[in-house]
Amino acid sequence: MGTTLLNRVISGKPTHERARLYFEYGCKNGVCPILFDLKGLNLKKRQVTGYVWKPSTQQYIRTVCPLPHVVHKRELISSPKLTALSRLLGKRLFNPLINRNKLMIHRLLRQNPRIQPYLPDTRGISAPAHVFQLIQRYPTVFIKPVIGSLGRNVSKIQAVGNKHYIFYPYKGKARSLSEFQLKQELAKHRLTNNHFLIQQGIPLAKYHGSPFDLRVSVQKGKGGRWQISGEVVKVAQHKGILTNLSQNGKAIPAPTVLSHAFPNRNPQDILQKVRRLAIEVCRTLEKTYPAFADAGLDIGLDHKGHPWLIEVNFRDLRYSFHSAGEYRMFKNTYFNPMRYAKFLLSSKSG
Ligand SMILES: Nc1ncnc2c1ncn2[C@@H]1O[C@H](COP(=O)(O)OP(=O)(O)O)[C@@H](O)[C@H]1O
Ligand SMILES: [Mg+2]
């Protein structure tokens, strides 16, 4: 994990990562984990300096041990050291280094015809014309960083006819703009310089007037098989367009919201479709990244209950499950990586 996070964990400060659960569930599986950051990794000596949880004294103990056979990477930043580790461990480093460029991931997924009907039209932006091309096709579009997270710098444009638009900037109030004004706004926020993508807006189903989507945790677990560890609904705050909890979205158990939003449908039928899509997405990415084993997918539902893949997160922070009170799912998200680690340790793969 990252150095800042590791320091917080060992000094007992609150974090989203419930690191102690790795020890609890690891021990149940016969796996003894050690927490370490890249500074603690010594590739030459093939050893790590890190921390293990000692339940008897309820504290983390600094430990030096040989390089583990399996590493669960909870760090997003790439570095030459990680590349070297990845080369050494192969499939036994999960997740591997995955390009976080959302356009690239979209292109990989688009190659699978079974996923195509669930992918919003998504393109890069290198000129204002690219924005206007898409906004002619769809009533709303989203603009977001090609590499981004936590809903940061995500904005929306809605076409209201007669070459007028409503622009919902990342920060600040929505504004009604002419085409010329919108061009100015795109320039001001530097949205057309290749660092952003534009995506067909999905008319997300609503819960008490606010749009929602689902966070689906898909992980390899027992026997090295993909499985759904949990799914939860994230509802945008009042008048908001972003469902991220970091943007004041709220996590709620999926059946509660689905039976409200789709009163004539069985929530389990909708969830089944969502789960099937989630697994298919992971299997497809696995073809390019064989060591890929842990993802948090953002999947939206339109008014008809049709699922749309919005984003693949390669380091799910998992706290949405806890936040919704879905403790069994939350537990799964820590338990399954330990089960997968056990599988890797006992198999000859990688
Ligand atoms: N195409 C879209 N249609 C509708 N809502 C979207 C769309 N893209 C993003 N959003 C909203 O914005 C949120 C953040 O977008 P996302 O692509 O997940 O980026 P981030 O990596 O910042 O979380 C989504 O969870 C969803 O609420
Ligand atoms: Mg997201």
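Everything quoted here is computed from the prediction, not taken from an experiment.

Caption draft 1: Molecular detail of helix α8 (residues 267-288). Its 22 residues give α8 an end-to-end C-alpha distance of 33 Å, which sits within 8% of 32 Å, the value for a rise of 1.5 Å per residue. All of the buried residues in α8 are I270, V274, L277, A278, V281, C282 and L285. Viewed end-on, α8 has its buried residues packed into an arc of 135°, placing them on one side of the element. Away from its buried face, by an angle of more than 90 degrees, α8 presents the exposed residues D269, Q272 and K287. Taken together, the buried residues of α8 touch α4 (102-110), β13 (210-220), β14 (226-235), α7 (254-261), β16 (294-301) and β17 (307-313).

Caption draft 2: Fine view of the site of ligand 1. The local shell around ligand 1 holds 22 residues, among which F142, Q199, I202, T243 and E311 are the closest. Looking at the shell around ligand 1, the elements that each hand over two or more residues are β7 (140-145), β11 (196-200), β16 and β17. In terms of residue class, the shell around ligand 1 is made up of 8 nonpolar, 9 polar and 5 charged. When we break the shell around ligand 1 down by domain, the ones giving at least three residues each are domain 2 (121-200) and domain 3 (204-346).

Caption draft 3: Spotlight on the sheet that holds strand β1 (residues 41-42). Spatial strand order, β1-β2-β3: 3 strands in an open sheet with antiparallel pairing. A single partner strand is all that each edge strand has here, and the edge strands are β1 and β3 (59-66).

Caption draft 4: Geometry of the environment of K287. The topology assignment puts K287 in helix α8. As a C-alpha pair, K287 and I198 span 89 residues in sequence and 26 Å in three-dimensional space.

Caption draft 5: Spotlight on the nonpolar core. Formed by 92 residues in total, the largest nonpolar core has its most connected members in A278, V281, L297 and I299. Residue contributions to this core peak at 8 residues, all from helix α10 (residues 327-346). Setting aside residues no more than four positions away along its own chain, A278 makes contact with V216, V218, I228, L297 and I299.

Caption draft 6: Quick peek at the pairing of β17. Across the 7 residues of β17, 5 count as buried, placing the element largely inside the fold. Taken together, the 6 bridges between β16 and β17 define a ladder with antiparallel strand orientation. Directly across from L301, in β17, lies its bridge partner P307. Where β16 hands over to β17, the hairpin turn is made up of 5 residues, of which G305 adopts a positive phi near 85°.

Caption draft 7: View of the domain arrangement of the protein chain. For the protein chain, the assigned domains are domain 1 (3-68), domain 2 (121-200) and domain 3 (204-346). Summarising the inter-unit geometry, the C-alpha centres of domain 1 and domain 2 are found 43 Å apart.

Caption draft 8: Here's a closer look at the sheet that holds strand β8 (residues 155-161). Judged by pairing direction, the sheet is antiparallel, and its 6 strands sit side by side in the order β6-β11-β7-β8-β9-β10 without closing on themselves. Of all the strands in the sheet, the pair left with one neighbour each is β6 (122-124) and β10 (175-178). When strand polarity is set aside, the average angle formed by the axes of neighbouring strands in this sheet is 25°. When β8 meets strand β9 (residues 164-168), the two strands line up antiparallel, connected through 5 bridges.

Caption draft 9: Fine view of the environment of V216. Positionally, V216 belongs in strand β13. Measuring from C-alpha to C-alpha, the distance between V216 and K163 comes to 38 Å, with 53 residues separating the pair along the chain. Those residues within four positions of V216 in sequence are excluded, and the remaining contacts are I228, E231, V274, A278, L297 and I299.

Quick notes on the rules
Residues numbered from 1 in each chain as written. Chains lettered and ligands numbered in written order. Predicted model: local features only at pLDDT ≥ 70, side-chain atom pairs only at ≥ 80, totals over all residues. Helix = DSSP H or I, 4+ residues; strand = E, 2+ residues; numbered from the N terminus. Expected span 1.5 Å × (residues − 1). Buried ≥ 20, exposed ≤ 12 C-beta atoms within 10 Å, placed from the backbone. Arc of directions from axis to C-beta. Contact = placed C-beta atoms within 7 Å. Near = placed C-beta within 6 Å. Nonpolar A, V, L, I, M, F, W, Y, C, P; charged D, E, K, R; others polar. Domains from an automatic or database assignment. Pairing = 2+ DSSP bridges. Core = buried A, V, L, I, M, F, W, Y, C linked by C-beta atoms within 7 Å. Axes fitted to C-alpha atoms, helices over the stretch in contact; angles between N-to-C directions.

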